[in-house]
Amino acid sequence: MSTDRHVKVVLAKPGLDGHDQGAKVVARALMDAGFDVVYTGLRQTPDAIARIAAEENADVIALSSMA
């Protein structure tokens, strides 16, 4: 069974980590591989990440953290 639907990934940077270059590289690689990616940006709370994932109907939540 095939489908044209792409897997949707919400990529988030939780906490106070202010470096997001690695997350941006991962987001680009995922998009190049055919995933739909929503990058939430820096310094997200767990509640905000969960809310965004629910609003976007995400299949995957990916977290990037240097901590």
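Residues numbered from 1 in each chain as written. Predicted model: local features only at pLDDT ≥ 70, side-chain atom pairs only at ≥ 80, totals over all residues. Heavy atoms only, no water.

Participant: I'd like a rundown of the overall build of the protein chain, residues and numbers included.
Facilitator: What the protein chain contains, in helices and strands, is 2 helices and 3 strands. The principal-axis extents of the C-alpha atoms in the protein chain amount to approximately 40 × 25 × 15 Å. Looking at the protein chain residue by residue over its 67 residues, the buried ones come to 27%. Summed over all atoms, the accessible surface of the protein chain reaches about 4600 Å², with 56% contributed by carbon and sulfur. Of the side chains in the protein chain, 7 bear a positive and 9 a negative charge, and the two mean positions are spaced by 5 Å. (Helix = DSSP H or I, 4+ residues; strand = E, 2+ residues; numbered from the N terminus. Buried < 20%, exposed > 50% of the residue type's maximum accessible area, 1.4 Å probe, protein only. Areas by Shrake-Rupley, 256 points an atom, 1.4 Å probe, with all protein chains shown as cover. Lys, Arg positive; Asp, Glu negative; His and termini not counted. Charge placed at Lys NZ, Arg CZ, Asp CG, Glu CD.)

Participant: Go over the pairing of strand β2 (residues 36-39), please, and point to the residues and values.
Facilitator: The pairing of strand β1 (residues 8-12) with β2 spans 4 bridges and is parallel. Pairing of Leu 11 across the sheet is with Tyr 39, part of β2. (Pairing = 2+ DSSP bridges.)

Participant: A description of helix α2 (residues 46-56) should follow, citing residues and the corresponding values.
Facilitator: Residues of α2 that are buried include every one of Ala 48, Ile 49, Ile 52 and Ala 53, and no others. For α2, the angular spread of buried residues about the axis comes to 130°, placing them on one side. Away from the buried face of α2 by more than 90 degrees, exposed residues Pro 46, Asp 47, Ala 54 and Glu 55 are located. The inward-facing, buried residues of α2 abut β1, β2 and β3 (60-63). With its phi angle positive at about 55°, Asn 57 sits one or two positions after the end of α2. (Arc of directions from axis to C-beta. Contact = heavy atoms within 4.5 Å.)

Participant: Residues and numbers for the sheet that holds β3, please.
Facilitator: Strand order in this open sheet of 3 strands is β2-β1-β3, and the pairing throughout is parallel. Every interior strand has two partners, whereas the edge strands, β2 and β3, have only one. Across this sheet, the average inter-strand angle for adjacent strands is 25°, counted without regard to direction. Sheet contacts for helix α1 (residues 21-32): β1 and β2; angle to β2, the most-contacted strand, approximately 160°. α2 contacts β1, β2 and β3 of the sheet and is inclined by roughly 160° relative to β1. (Axes fitted to C-alpha atoms, helices over the stretch in contact; angles between N-to-C directions.)

Participant: So what's going on with unusual backbone geometry? Residues and values would help.
Facilitator: Even without being glycine, Arg 43 reaches a positive phi, approximately 55°. Within the element layout of this structure, Arg 43 appears in the loop between β2 and α2. Phi angles above zero are rare outside glycine, and Asn 57 is one such case at about 55°. Take Asn 57: it is sitting in the loop between α2 and β3.

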